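Observations on the three-dimensional arrangement
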Amino acid sequence: MCGIIGYTGKKLNAKNTVIAGLKNLEYRGYDSSGIAVNEDGNINLYKAHGKISNLENSLNGRDVLSSTAIAHTRWATHGEPNETNAHPHKCGSITLVHNGIIENYVELKNELLKNGVTFKSETDTEVACAYINYIYITEKNKIKCLAKACSIFRGSYAFAIIFDDEKDTIYATRKDSPLIVGLSDEGNFAASDVSAILDFTNKYILLEHGEFAKITKDDVKIFDGSENILEKEVKTATWSATEYKKNGYDHFMLKEINEQPDVIEKIFSRYLENPNYNEIDFSKFDAIHIVACGSAMHAGMVGKYLFQNYANIPVTVDIASEYRYSTQSITTSTLVIIISQSGETADSLAALRLAKDKGATTLGIVNAVGSTIAREADICIYTYAGPEIAVATTKGYTSQVAILSTLVINAMKQNSMLSNDLLNEIKNDFNNISSILKDIIKNKDIYVNAAKKIYEKNDLFFIGRGIDYAVCMEGSLKLKEISYMHSEAYAAGELKHGTISLIENGTPVIAVATNDDLYEKTISNIKETKARGAYSIFITTSNFDSSSFEDFSDISVILPKTTEFCQAIVVSCFLQLLAYEVAKLRNCDIDKPKNLAKSVTVE
Ligand code: M6R
């Protein structure tokens, strides 16, 4: 949610540097953007509605050499996306960009209004800016001024700030929204994440809550709120700049779908027999809670199915934004598994902190190395899927499913529930998964033809049972988030309890049936929808008798049969490609769907 970059230095043009960095942050929000630049001693603000390219176009021809700049790409929370609400905001001698939400901004605004302060925008950020300025009138020590303001702000924030009387210095601080400080010989940076600075440096410092950075062209100092200097570790980014490029693909989503064969294969070989897993003794826990948001929660549903059906361990799956305010019993005997690609999702982080407060053991399944959830969880298992830029997750999700599969296999070993035969079957799947996924991707005609049949429809339903229901939830989310086509996923047996009333002539129903025991039940449910006019796309596996498919399906898709430890990944890969093609046919902005942002760092 919102991307921040600031740069100060002599060797690079600050304006061009922050615009280049900002483009790598665009996945965090893209409804407006802006930049504040020190141009010949004046702080000038430029803003544009919409994508960063609009800002770039509006700046074309302005070649004033600049030494310091802060920039922002926005995902609107308070106030509609327009130039007035876009960051940076300037109040008195303070110019700043912000990621997060200042929850007590109304109260602070009223206090400022009484003191004669006026506002131009509808944002909480302008209030924060004005409030810092208000404190700065009497507290001239900048670190102390910021510490005081932050002690009053409620909510979450990452700020990059320029004071008028020190125009070549950037001050930065954060709480519950990420911020790093980048270090290079050409100057120094503040940024939401390393992707923004990788074209210039891979060295950075992680700023923590309660820390304040003073960034100049040749020096960086980190202080606590009492202005004590803190020693901080300088880290080296593990991801490279090329991983943030499309590398010839039309979209990041397609690139990331294509990376899955490699990513999943590596996870299975890295984690299947990983000795570190032995530190997770499943017999110690009375309950397992899986907590996550969006697709990560759908991965959790697959995990729940596998834990319950194969390791005989009961699991609950909760949406993090609900779990964090629930009264359910979390005890010292609970294992709370938090799943998050970004490792920064605000609700998932809050759920993790709640679980820790209650004394539970917390396990993070995280992609972004060094992210907050990765750092704060008692145990962190990295998916190592590489940076995921497309807002719609693909390899992020399947890699979470892969990790959960290996965890369940480990739990089965501990319970003595894993037979040699099953282990051999699983190993066989793990050896073949890369080529299975590559084949699915290669067989373009299948998903392109299916996409052509449905892309003009307004509503669509997914149905499945057991693990297929969990997969349908994700397939449905993928389709709606990138194609804006209304879609819902139902447990196949549940449709007739109300929703079947929406099925009419030609309504597409995508049915997934991969489980031997539930196959016939799902077929009956498909027939119920066919009897009411549904256009049926049937997704199944090669072990079932295809001679009957025509009786109940308009299109049938036969995918390789694997154990259920891989099956969700196999079907999901196909559904991702289907969603991608539908979105393409509907001319949607696939990597940056409207209203969304990649990293949801607000509640
Ligand atoms: O970074 P996280 O895994 O915590 O993100 C969770 C969700 O916001 C994310 O999966 C979201 O649902 C995706 N846009 C789905 O494609």
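Residues numbered from 1 in each chain as written. Predicted model: local features only at pLDDT ≥ 70, side-chain atom pairs only at ≥ 80, totals over all residues. Heavy atoms only, no water.

Side note on the overall build of the protein
The line we're drawing: Strands are runs of DSSP state E lasting at least two residues, helices are runs of H or I lasting at least four, and both sets are numbered from the N terminus onward. Taken over C-alpha atoms, the radius of gyration is set against a globule rule of 2.2 Å times the number of residues to the power 0.38. Only protein chains enter the accessibility calculation, which uses a 1.4 Å probe; a residue whose area is less than 20% of its type maximum is buried, one above 50% is exposed, and one in between is partly exposed. Contacts between residues were defined by any pair of non-hydrogen atoms, one from each residue, lying within 4.5 Å. Under the convention used here, a 1.4 Å probe and the Shrake-Rupley method define accessible areas, while residue burial counts only the protein chains that appear. Residues counted as positive are Lys and Arg, residues counted as negative are Asp and Glu, and His and the chain ends are not counted. By convention, the charge on Lys lies at NZ, on Arg at CZ, on Asp at CG and on Glu at CD.
Of regular secondary structure, the protein possesses 16 helices and 24 strands. For 603 residues, the compact-globule estimate of 2.2 N^0.38 gives 25 Å, and the C-alpha radius of gyration of the protein, at 25 Å, lies within 12% of that figure. When each of the 603 residues of the protein is scored for burial, the buried share is 61%. Restricting the contact set of the protein to residue pairs at least 6 apart, pairs at least 24 apart contribute 71%. Carbon and sulfur atoms form 45% of the exposed surface of the protein, whose accessible area is close to 22700 Å². The centroid of the 62 positive side-chain charges in the protein is displaced by 3 Å from the centroid of its 76 negative side-chain charges.

A closer look at the sheet that holds strand β9 (residues 180-184)
Our working rule: Pairs of strands are assigned from DSSP output, requiring at least two bridges between the strands. In this analysis, axes come from line fits to C-alpha atoms, helices being fitted only over the stretch in contact, and the angle between any two N-to-C directions falls in the range 0 to 180 degrees.
Taking strand neighbours across the sheet as the criterion, the eight strands line up as β3-β2-β4-β1-β10-β9-β11-β14 in an open arrangement whose pairing is antiparallel. The outermost strands of the open sheet, each flanked by one partner alone, are β3 (42-49) and β14 (235-236). Here strand β11 (residues 203-206) runs beside β14; their pairing, made up of two bridges, is antiparallel. Pairing of K203 across the sheet is with T236, part of β14. Helix α2 (residues 52-59) rests against β2 (32-39), β3 and β4 (66-74) of the sheet, and its axis sits at about 130 degrees to β3.

Quick notes on helix α16 (residues 564-585)
Which entries qualify depends on this criterion: A helix is expected to reach a length of 1.5 Å times the quantity of its residues less one.
Taking 1.5 Å of rise per residue, the 22 residues of α16 would be expected to cover 32 Å, and the 32 Å separating its terminal C-alpha atoms lies within 8% of that figure. Where burial is concerned, most of α16 is hidden: 20 out of the 22 residues are buried.

Details of the pattern of salt bridges
Pairing of side chains with opposite charge becomes possible as their charged atoms draw close. We count it as follows: Only one rule defines a salt bridge in this text: a Lys or Arg side-chain nitrogen within 4 Å of an Asp or Glu carboxyl oxygen.
In this structure the tally under the stated criterion is 31 salt bridges. In this structure, D439 and K442 form a salt bridge, with 3.4 Å as the shortest nitrogen-oxygen distance. Remark: K442 and D439 occur in helix α12 (residues 420-442); sequence separation between them is three residues, near one turn of the helix. Classification of D439 by relative accessible area gives partly exposed; the value is 37%. Since its relative accessible area comes to 63%, K442 is described here as exposed. A salt bridge links E528 to K496; the shortest N-O distance between them is 3.5 Å. Of this pair, E528 sits in helix α15 (residues 519-530) while K496 is found in the loop between β21 (486-491) and β22 (508-513), placing the two residues 32 residues apart along the sequence. Exposure remark for E528: the relative accessible area of 23% places this residue in the partly exposed category. Each of K142, D165, E166 and K214 takes part in one network of salt bridges that share partners.

Describing the packing of helix α7 (residues 294-310) against helix α11 (residues 395-414)
Under the convention used in this document: Should an angle lie under 35 degrees it is considered roughly parallel, over 145 roughly antiparallel, and from 65 to 115 roughly perpendicular; all remaining angles are considered oblique. Each crossing gets its hand from how the near helix is turned against the far one by less than a right angle, where anticlockwise is left-handed and clockwise is right-handed. Only Asp, Glu, Lys and Arg are considered charged in this grouping, and only Ala, Val, Leu, Ile, Met, Phe, Trp, Tyr, Cys and Pro are considered nonpolar; every other residue, Gly among them, is considered polar.
Relative to each other, α7 and α11 sit at 20 degrees, their axes nearing to 9 Å. It follows that α7 is roughly parallel to α11 by the angle criterion. Crossing angle aside, the handedness with which α7 passes α11 is right-handed. Residue-level inspection shows S295, A296, H298, A299, G300, V302, G303, L306, F307 and Y310 of α7 in contact with α11, the latter providing Y397, Q400, V401, L404, S405, L407, V408, A411 and M412. Tallied by class, the residues present in the contact of α7 with α11 amount to 13 nonpolar, six polar and no charged.

A few points about the nonpolar core
Applicable threshold: Residues grouped as a nonpolar core are buried Ala, Val, Leu, Ile, Met, Phe, Trp, Tyr and Cys residues, joined through side-chain atoms within 4.5 Å.
In terms of nonpolar packing, the biggest core is built from 148 residues, with I35, F307, L407, I539 and F565 touching the most fellow members. The element best represented in this core is α16, accounting for 15 residues. Y105, Y131, L146 and I161 belong to the second largest nonpolar core, which has 30 residues in total.

Concerning the site of the ligand
The condition that has to hold: Nearness is defined per residue: one heavy atom within 4 Å of the molecule or strand is enough. Residues adjacent in sequence count toward polar contacts only when both atoms are side-chain atoms; beyond that, a polar contact is any pair of N or O atoms within 3.5 Å, and within protein one must be able to donate a hydrogen and the other to accept it.
Around the ligand sit 15 residues in total, of which S340, Q341, S342, T345 and E481 are the nearest. Between Q341 and the ligand, the recorded distance is 2.6 Å, taken from a backbone N or O atom to an oxygen atom. Within the side chain of E481, one N or O atom sits 2.3 Å away from an oxygen atom of the ligand. Contact with the protein chains hides 90% of the accessible area of the ligand, taken as 410 Å² for the molecule alone. For the shell around the ligand, the secondary-structure elements that each account for two or more residues are α7 and α14 (467-483). Per-class residue counts for the shell around the ligand are five nonpolar, eight polar and two charged.

Some remarks on helix α5 (residues 142-152)
Of the residues making up α5, those classed as buried are K142, I143, C145, L146, A147, A149 and C150. Where α5 is buried, its residues meet α4 (124-136), β7 (155-163), β8 (166-175), β12 (212-216) and β13 (219-223). Capping the start of α5, N141 holds a side-chain oxygen 3.1 Å from the backbone nitrogen of I143, two or three residues further along.

Some points on unusual backbone geometry
H87 connects to P88 through a cis peptide bond whose omega is 0 degrees. Looking at the secondary structure, you find P88 in the loop between β4 and β5 (89-91). Of note in the backbone geometry, N312 takes a positive phi value of approximately 55 degrees without being a glycine. As for its placement among the helices and strands, N312 is situated in the loop between α7 and β16 (315-319). Overall, N312 belongs to the exposed group, its relative accessible area being 58%.

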